Amino acid sequence: MNKILIRLCAAAILFSGTAQQQNDSTNLQVLDEVVVSDSRFALKREHSGKTVIKITDEELKRHQGQNVAEIINAKSGIEINGSRGRPGAVLGVFARGGRGRQVLVVIDGVRVSDPASSSSEYDLRLLSISNIESIEIIKGSSSTLYGANAATAVINVITKKASKANAALQVNTIWGTNQTSENQNYNLSDANNNVSFGGTLGRFTYHTVFANRYTEGLSAVITPENQEDPFSSHNIDFKLGYQTPKGISLFVYGNESHLKTGYDDAFGFTDAPFEFKSAQKRVGLHSTFPISKTSLNLNFAFTDYRSENISDFPNTFNGKNLVADLYHKYDMNGMWYSIVGLNYINDSALFGSSQDITIIDPYANMVFISKLGLNLNVGIRLNNHSAYGSHMVYNFNPSFTVKTKNGYGKFMGSLATSYITPSLNQLFGFFGANSALEPETNQTIETGLELASTGLRFSTLYFNRKENNFVFYDNQNNVYENAANPTRAHGFEVEVDWKIIERIRLTGNYSYTERKGDTAIRIPKHKANLDLGYSISETVYISGNYALTGSRSDTNFSTSENVELPLFSLFGLYFSKELVIDKLKVFMRADNLLNENYIEVLGYTSRGRNIAVGLSLSL
């Protein structure tokens, strides 16, 4: 604990600044920020009963050279294990002490998950940052609005919209190193390129993106030979839209993503010529029919997932996912907001024979905003599962906002439940399947405080979650089982967003997470992040970042024993210069600037100091 405090103090001193007179027009952004995910309405942050994390387009641009997992990993309450390792490493997404299947990924209003994967998770490696406009993250149970699996967090990804110009072209290219702390060879081993083209022609919009990445230079596991395990991916996205004079809109879209990554023998920690391939193809539509102060909305998507393991235990996986969400939204004078919908999901996968499940969920959610400061967000959903019958989940999320001269203070509380049915892989898969598994239930309690004034936002929150029937893999019997006893996780989170002066902004967070009832593998109790950005001029921007990851347990697969991994700290630097305003920008980033030698995953390679340079062209 003393080491953590010393490192946090050192980082605070490094990023300290002197406050001066603030600029009202820019500081109001902190007060007027709009969030959507916790209600599915665009509401001011002060009316939200959650501490919603919003990653804007501006922030994404200032993290060029990083992938989605790296950016999200710097947010409070989130640990994405593998995000600091070799590109292409398997990612474990843990929110508030939970596991990957308890985190739901939503893209443009549609849940995405691979039914053939071990726990129906979505592989973030398939997601290209080049087509993302913003990301919102709501932590805690959100099953009433988003359905099963939304137990610890929802990662809501909004893809880019078409340019308002008739035609617009965006080109980005990034080249960098990919090296360990022991071998600082500075070879160009990481290439990342993307091109987008789109525009608006009257009432018709179009947008398309192509992105690819290739990296080499590192072995998946630590070996003396360091035989390279390359990673490659490519993504193609398109979106077409049309809006009638009466405001009726229709968007159709498609995506195809591929990845290929080498990997090694994790049991003997030896080099191996193993390879994993994955492909995703998705088509969908979104339509809105406005009716006075209401609207009828439809989201629909069909996704095909195919993956292949080439190893000593080769296998192929094929899953299909069909999602339809029909819902009605109503806004009554900015005081009452309601959404009533019907969600249909069909998951299927091949495990020798075809297996499938169907879920049909009616749901309702209401938001009340009182002029006296009381805000109330309540919802209910009835999960109807073809194998497990019906189960009800609910959300009760009151908050109270007190206006101040320059901002507000907000007190928040929440009681919510969630419901996770076993995946098709856990029920019928090739390894450890158990058709007798019971669904997992979660109950989460939260309470917190948020303070905002001109140029400053501060929040702190405590959470406590109880899991029943937690599904785990029994390594001794090689089968999936339900935990006999409840599992609990609790902790608190602190966030700060401070515009110190007009051109200097400090953001930071600290998370404490404790999981009881089992071994919290790869979940650190302590995490902290700081980022200090300075707009030197209208065309020059520089930022420094600091990340602390506390000690945590990991499993040595060769001995089946748990090992305590030490904490580590990483520093980074980003610099950009606009050579032609809004047209041509060059940038550079340095990660692990001090070249710290650390362990993220036991036996696996971690990255040392790495440098990336890039160019962004807009026409």
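Residues numbered from 1 in each chain as written. Predicted model: local features only at pLDDT ≥ 70, side-chain atom pairs only at ≥ 80, totals over all residues. Heavy atoms only, no water.

**Student:** Explain the pairing of strand β18 (residues 336-351) here, please?
**Tutor:** Within a regular strand, side chains alternate between the sheet's two faces. As judged from the 14 bridges shared by strand β17 (residues 315-332) and β18, these two strands associate in the antiparallel manner. Paired with Ala324 across the two strands is Tyr344, which belongs to β18. What sits between the antiparallel neighbours β17 and β18 is a turn of three residues, in which Asn333 has the positive phi angle 55 degrees. Pairing of β18 with strand β19 (residues 353-369), which is carried by 16 bridges, proceeds in the antiparallel orientation. Across the sheet, the residue bridging to Leu350 is Ser354, located in β19. (Pairing = 2+ DSSP bridges. Helix = DSSP H or I, 4+ residues; strand = E, 2+ residues; numbered from the N terminus.)

**Student:** Help me out: how do you make sense of the environment of Leu424 in this one?
**Tutor:** Along the chain, the position of Leu424 falls in helix α6 (residues 424-428). Given the relative accessible area of 4%, Leu424 is considered buried. Sequence separation between Leu424 and Tyr512 is 88 residues; the distance between their C-alpha atoms is 33 Å. Each residue touching Leu424, except ones within four places of it in the same chain, is listed here: Pro115, Asp347, Ser348, Ala349, Phe351, Gln355, Asp356, Ile357 and Gly429. (Buried < 20%, exposed > 50% of the residue type's maximum accessible area, 1.4 Å probe, protein only. Contact = heavy atoms within 4.5 Å.)

**Student:** Looking at this structure, I do not really get the sheet that holds strand β8 (residues 132-139). What am I missing?
**Tutor:** Backbone-to-backbone hydrogen bonds pair the strands of a sheet. The strands run either parallel or antiparallel. Taken together, five strands build an open sheet; the order of strands is β3-β8-β9-β6-β7 and the sheet is mixed. Two strands bound the open sheet, and with one partner strand each, they are β3 (53-55) and β7 (110-112). Sheet twist, expressed as the average angle between the axes of neighbouring strands with direction ignored, equals 25 degrees. In the sheet, strand β6 (residues 103-107) pairs with β7 via three bridges, with the strands oriented antiparallel. Bridging across to β7, Val105 finds its partner in Val112. (Axes fitted to C-alpha atoms, helices over the stretch in contact; angles between N-to-C directions.)

**Student:** Could you clarify how one ought to interpret the side chain of Arg96 in this entry?
**Tutor:** Looking at the secondary structure, you find Arg96 in the loop between β5 (92-95) and β6. Residue Arg96 is classed as buried on the basis of its relative accessible area, which comes to 3%. Engagement of the side chain of Arg96 in a polar contact is seen with the side chain of Glu446, the distance being 2.9 Å. A distance of 2.9 Å separates a polar atom in the side chain of Arg96 from a polar atom in the side chain of Glu493. (Polar contact = N/O pair within 3.5 Å; in protein donor to acceptor, adjacent residues only side chain to side chain.)

**Student:** Is there a simple way to think about the nonpolar core in this case?
**Tutor:** The nonpolar side chains of a soluble globular protein tend to be buried, and buried together. Membership of the largest hydrophobic core comes to 30 residues, with the highest contact counts inside it found for Ile72, Tyr122 and Ile135. If one sorts the elements of this core by residue count, helix α4 (residues 68-73) sits on top with four residues. If we skip the residues at most four places from it in the chain, Ile135 touches Ile53, Lys54, Ile55, Val68, Ile72, Ile155, Asn156 and Val157. Formed by 17 residues, the second largest nonpolar core is a distinct cluster that contains Val35, Leu43, Tyr337 and Tyr363. (Core = buried A, V, L, I, M, F, W, Y, C linked by side-chain atoms within 4.5 Å.)

**Student:** Even after reading the chapter, I still don't get a nonpolar patch on the surface, so can you show me in this structure?
**Tutor:** Side chains of Leu201, Phe204, Phe238, Leu240, Tyr242, Leu250 and Val252 sit close together on the surface and give an oily, nonpolar patch of about 580 Å² of accessible area. Counting residues per element, the ones that place at least two in the nonpolar patch are β13 (231-243) and β14 (249-265). Along the chain, Leu201 turns up in strand β11 (residues 190-201). (Patch = residues over 30% accessible without salt bridge, like charges linked within 9 Å, V, L, I, M, F, W, Y side chains within 5 Å. Areas by Shrake-Rupley, 256 points an atom, 1.4 Å probe, with all protein chains shown as cover. Salt bridge = Lys/Arg side-chain N within 4 Å of Asp/Glu carboxyl O.)

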